[in-house]
Amino acid sequence: MMKHPIRRLLALLLGCALLFALTACGGNEENTLAGQPVMTVNGQEISAGEYAANYLYSKATVETVMYQYGVTDLWATDFADAYKEQLTTLARNQTASLYLVPEQFAAAGLSLTAEEEASIKKVSSQLSEWGFTAELRERLAQYFLMVQRLDEYYFGEGGAMSPDESEVEAYFQEHYYRAKHILVSTRDDAGQPIEDEAELAALEAKAQDLYRRAAAGEDFDALIAEYGEDPGASSNPDGYQFTDGEMVAEFQDRTAALAENEISAPVKSDFGWHIIQRLPLRAEDRASVYGTIVSALTGMDMDLLLEQWVAQAEIEELPLLSEITFDTVDDYKYDAE
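The sections below set out a description of the structure shown in this document.

Definitions and limits used
- Residues numbered from 1 in each chain as written.
- Predicted model: local features only at pLDDT ≥ 70, side-chain atom pairs only at ≥ 80, totals over all residues.
- Heavy atoms only, no water.
- Helix = DSSP H or I, 4+ residues; strand = E, 2+ residues; numbered from the N terminus.
- Rg over C-alpha atoms; globule rule 2.2 N^0.38 Å.
- Buried < 20%, exposed > 50% of the residue type's maximum accessible area, 1.4 Å probe, protein only.
- Contact = heavy atoms within 4.5 Å.
- Areas by Shrake-Rupley, 256 points an atom, 1.4 Å probe, with all protein chains shown as cover.
- Lys, Arg positive; Asp, Glu negative; His and termini not counted.
- Charge placed at Lys NZ, Arg CZ, Asp CG, Glu CD.
- Pairing = 2+ DSSP bridges.
- Axes fitted to C-alpha atoms, helices over the stretch in contact; angles between N-to-C directions.

## A word on the overall build of the chain
Phase 1 of the analysis: A count of helices and strands for the chain gives 11 helices and 7 strands.
Phase 2 of the analysis: Scaling as 2.2 N^0.38, a compact globule of 337 residues should have a C-alpha radius of gyration of about 20 Å, whereas the chain reaches 26 Å, well beyond that.
Phase 3 of the analysis: Projected onto the principal axes, the alpha-carbon positions of the chain cover approximately 80 × 45 × 35 Å.
Phase 4 of the analysis: Among the 337 residues that make up the chain, the fraction classed as buried is 46%.
Phase 5 of the analysis: In the chain, the share of contacts with a sequence separation of at least 24, taken over all contacts with a separation of at least 6, comes to 74%.
Phase 6 of the analysis: Carbon and sulfur atoms provide 47% of the accessible area of the chain, an area that totals close to 17000 Å².
Phase 7 of the analysis: In the chain, 23 side chains carry a positive charge and 60 a negative one; their mean positions are 4 Å apart.

## Comments concerning the sheet that holds strand S7 (residues 315-317)
Phase 1 of the analysis: The strand order across the open sheet formed by 3 strands is S2-S1-S7, and the pairing between neighbours is antiparallel. The open sheet has two edge strands with one neighbour each: strand S2 (44-47) and S7. Each strand axis lies, on average, 25° off the axis of its neighbour in the sheet, ignoring direction.
Phase 2 of the analysis: As paired strands, strand S1 (residues 37-41) and S7 are joined by 3 bridges and run antiparallel to one another. Looking across to S7, one finds that Met39 is bridged to Glu317.
Phase 3 of the analysis: In this fold helix H2 (residues 48-68) packs onto S1 and S2, with an angle of close to 65° to the strand it touches most, S2.

## Here we look at unusual backbone geometry
Phase 1 of the analysis: For Asn42, which is not glycine, the phi dihedral falls at a positive 50°.
Phase 2 of the analysis: Within the element layout of this structure, Asn42 appears in the loop between S1 and S2.
Phase 3 of the analysis: Even without glycine at this site, Asn261 takes up a positive phi of about 70°.
Phase 4 of the analysis: For Asn261, the location among the structural elements is in the loop between helix H9 (249-257) and strand S5 (267-269).
Phase 5 of the analysis: Residue class for Asn261 comes out partly exposed when judged on its relative accessible area of 46%.

## Brief notes about the sheet that holds strand S6 (residues 272-279)
Phase 1 of the analysis: Reading across from one edge, S4-S3-S6-S5 is the order of the 4 strands in this open sheet, with antiparallel pairing throughout. Edge positions in the open sheet fall to strand S4 (240-243) and S5, since each of these has one partner strand only. Mean inter-strand twist for the sheet, computed between neighbouring axes without regard to direction, equals 50°.
Phase 2 of the analysis: With 3 bridges connecting them, S5 and S6 associate as antiparallel partners. Bridge pairing in S6 places Ser269 opposite Gly272.
Phase 3 of the analysis: Against the sheet, helix H8 (residues 220-227) makes contact with strand S3 (176-185) and S6, and its axis sits at roughly 45° relative to S3, the strand it touches most.

In structure tokens form, the structure reads like this:
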């Protein structure tokens, strides 16, 4: 089960070209069931068609997320029923958020730029397959733009809920590391652990020799390029920046014990032998993890704030809402053109 469903949706959908790829077109709203009210949010009436569109959108998003974890046919699995139940909550909260976010956006004194307003008119017509009319597509696009801006307003640098700069920097220095390493792998070409003792002894001796060469002053990057077996090294030429729990414990613990630019003796993990060079953190790299640091320090992020707004809202569920299920949702969506 997804621990933070709204965050999952935002992470996938905020960067999705689906929203802004094509010119918008109008929807056919002839389905009479689609126009019936199913809930109210702070007094604003929500139609079955809008709820159904958000239900189907959430369903497609969950399918995409699970596919990334290797689940190619979610609804044929043993845990399909649990996800079907979750979809009801996701759709309800997502639908409510579409109305709550503009309220909070205005309350924060924010407004969309002319460029942002123009982009809303270019929402992808592909969304109509889930019952999104032109009006609903624009509301969805507006929602995501506002969430991005609210995230910056509350949790960006100097944000309304962000800690002091000194706290952020102290956390960054204490909990983040940057390092390069030469990996001498103890796995075969199929990724399986090597078991031959003589081969393992030779690999350990190789690691010790590489350490002696690095400690004697040979160019560390040149040694990585010639002998390193980490497939991710080429795409991270400046080393890995990581925080607690992101690397195997042996790698993190040895990095933490090093002084800046110090090189470690070989340390063994399940991946093989690592000769590690700890590097100084760079100020320009902090921006990419700023939100994570703020969340760690405050216990709050945009996802939790959205959940809080939904919990505090006056939401009335009307009888028809319970009739819209995984099996019946298509009967309630607005007809596509």
